[in-house]
Amino acid sequence: MVLEIRLAGGGGQNTTSQDSQNKHSLKNPHTTQTSKQKILLDFGGGTGLLVRLLRDSGIEAFWEDKYCQNLFARGFEWESGNPRLRGLDSVFTQEKLSKQAKMPTPELATSFEVFEHLPNPLEEIESMLSCAPNLLFSTELLPSFIPKSSGQNAWWYYGFAHGQHISFYSRESLEFIAKKRGLYFYSYGDLHLFTTKKINPLAFKLVIKLAGRGLFLWVKKRLGSKTMSDHLALLG
């Protein structure tokens, strides 16, 4: 889903006129670049900080969270199964999303620091995968043995101090879920991927390593930040 802003071309034009044209050249995302740029959906998006940072880097990201208020990515909420994108109808003054319009399919869903909080893991993971064919998520895997819950060697990830970690996964359990869905499974550290695509595991590791070493700066330069276009869109 894309908010398209066409900048007025030609030199010597009045900047006020250009701003006016920019603000009124928003297009319905279902009729413009939806097919040109892939969509990312962040499950358990919290305050929306990640979605905002991704959009600032040029990625068409949207937010979803059942329990948290969206503070930083307002206007880019997502509601699975709903024909409207919550919060965006006020942006499009001429063409509003039809009640019959289908939700687009995100190319990738992300879910960070969520899996260990799921009360019904299989059901909720299935729900995520029904929305997007590829799912990148984080969770600390169980060691090859059942870790101790007390004493000096107690596993820290149990999180007894806060009591919020209620689901734990082994590599085998995640491989089982992937096989059940006919997906490939890749894992590196505490980041994992369910995907329909067969990729080189070394490439997966490399991308993760580069993520903290300037990869997003390259992505931002290549795609172009959405910061200003989002700002103008939300101004209406």
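Keep in mind that what you see is a predicted model, and the values were worked out from it rather than measured. (Residues numbered from 1 in each chain as written. Predicted model: local features only at pLDDT ≥ 70, side-chain atom pairs only at ≥ 80, totals over all residues. Heavy atoms only, no water.)

Draft legend 1. Region of the structure containing unusual backbone geometry. In the Ramachandran plot, Glu113 falls in the positive-phi region, its phi being about 55 degrees despite a non-glycine side chain. Locating Glu113 in the fold gives a position in the loop between strand S3 (108–111) and helix H3 (121–131). (Helix = DSSP H or I, 4+ residues; strand = E, 2+ residues; numbered from the N terminus.)

Draft legend 2. Region of interest: the environment of Leu135. Relative to the elements of secondary structure, Leu135 occurs in strand S4 (residues 135–138). You can call Leu135 buried: its relative accessible area is 0%. Along the backbone, Leu135 and Ile125 are 10 residues apart, and their C-alpha atoms lie at a distance of 9.2 Å. Dropping the residues within four chain positions of it, Leu135 is found in contact with Leu108, Ala109, Thr110, Ser111, Phe115, Met128, Leu129, His192, Leu193 and Phe194. (Buried < 20%, exposed > 50% of the residue type's maximum accessible area, 1.4 Å probe, protein only. Contact = heavy atoms within 4.5 Å.)

Draft legend 3. Looking closely at the side chain of Asn134. For Asn134, the position within the fold is in the loop between H3 and S4. Judged by relative accessible area, which is 5%, Asn134 ranks as buried. Reaching out from Asn134, the side chain makes a polar contact with the backbone oxygen of Glu107 at a distance of 2.8 Å. Ignoring any residue separated from it by four or fewer positions in sequence, one finds Asn134 in contact with Glu107, Leu108, Ala109, Phe194, Thr195, Thr196 and Lys197. (Polar contact = N/O pair within 3.5 Å; in protein donor to acceptor, adjacent residues only side chain to side chain.)

Draft legend 4. Fine view of the pairing of strand S1 (residues 39–43). Extensive coverage of S1 is indicated by the burial of five of its five residues. Alternating positions in S1 separate into two faces, Ile39, Leu41 and Phe43 on one and Leu40 and Asp42 on the other, with burial throughout. Across five bridges, the pairing between S1 and strand S2 (residues 60–64) is parallel. Counted as the bridge partner of Leu40 is Ala61 from S2. (Pairing = 2+ DSSP bridges.)

Draft legend 5. The packing of aromatic side chains, seen in detail. In this structure the tally under the stated criterion is 14 aromatic pairs. Taking 6.5 Å as the distance between ring centres and 70 degrees as the angle between the ring planes, the aromatic pair formed by Tyr157 and Phe168 counts as edge-to-face. In this pair, Tyr157 sits in the loop between S4 and helix H4 (171–181) while Phe168 sits in the loop between S4 and H4, placing the two residues 11 residues apart along the sequence. Taking relative accessible area as the criterion, Tyr157 reaches 4% and is therefore assigned buried. Three or more aromatic residues link up through ring pairs in this structure, and these residues are Trp155, Trp156, Tyr157, Tyr158, Phe160 and Phe168. (Phe/Tyr/Trp six-rings, centres within 6.5 Å; stacked < 30°, edge-to-face > 60°.)

Draft legend 6. Structural context of the sheet that holds strand S6 (residues 191–195). Read from one edge of the open sheet, six strands run S2-S1-S3-S4-S6-S5, paired in mixed fashion. Strands with a single pairing partner mark the edges of an open sheet, and in this sheet they are S2 and strand S5 (184–188). If you compare each strand with its neighbour and ignore which way they point, the axes differ by 20 degrees on average. Each of S1, S2 and S3 is contacted by helix H2 (residues 49–56), which is oriented at about 170 degrees to S2, the strand it contacts most. In this fold helix H5 (residues 201–223) packs onto S4, S5 and S6, with an angle of close to 45 degrees to the strand it touches most, S5. (Axes fitted to C-alpha atoms, helices over the stretch in contact; angles between N-to-C directions.)

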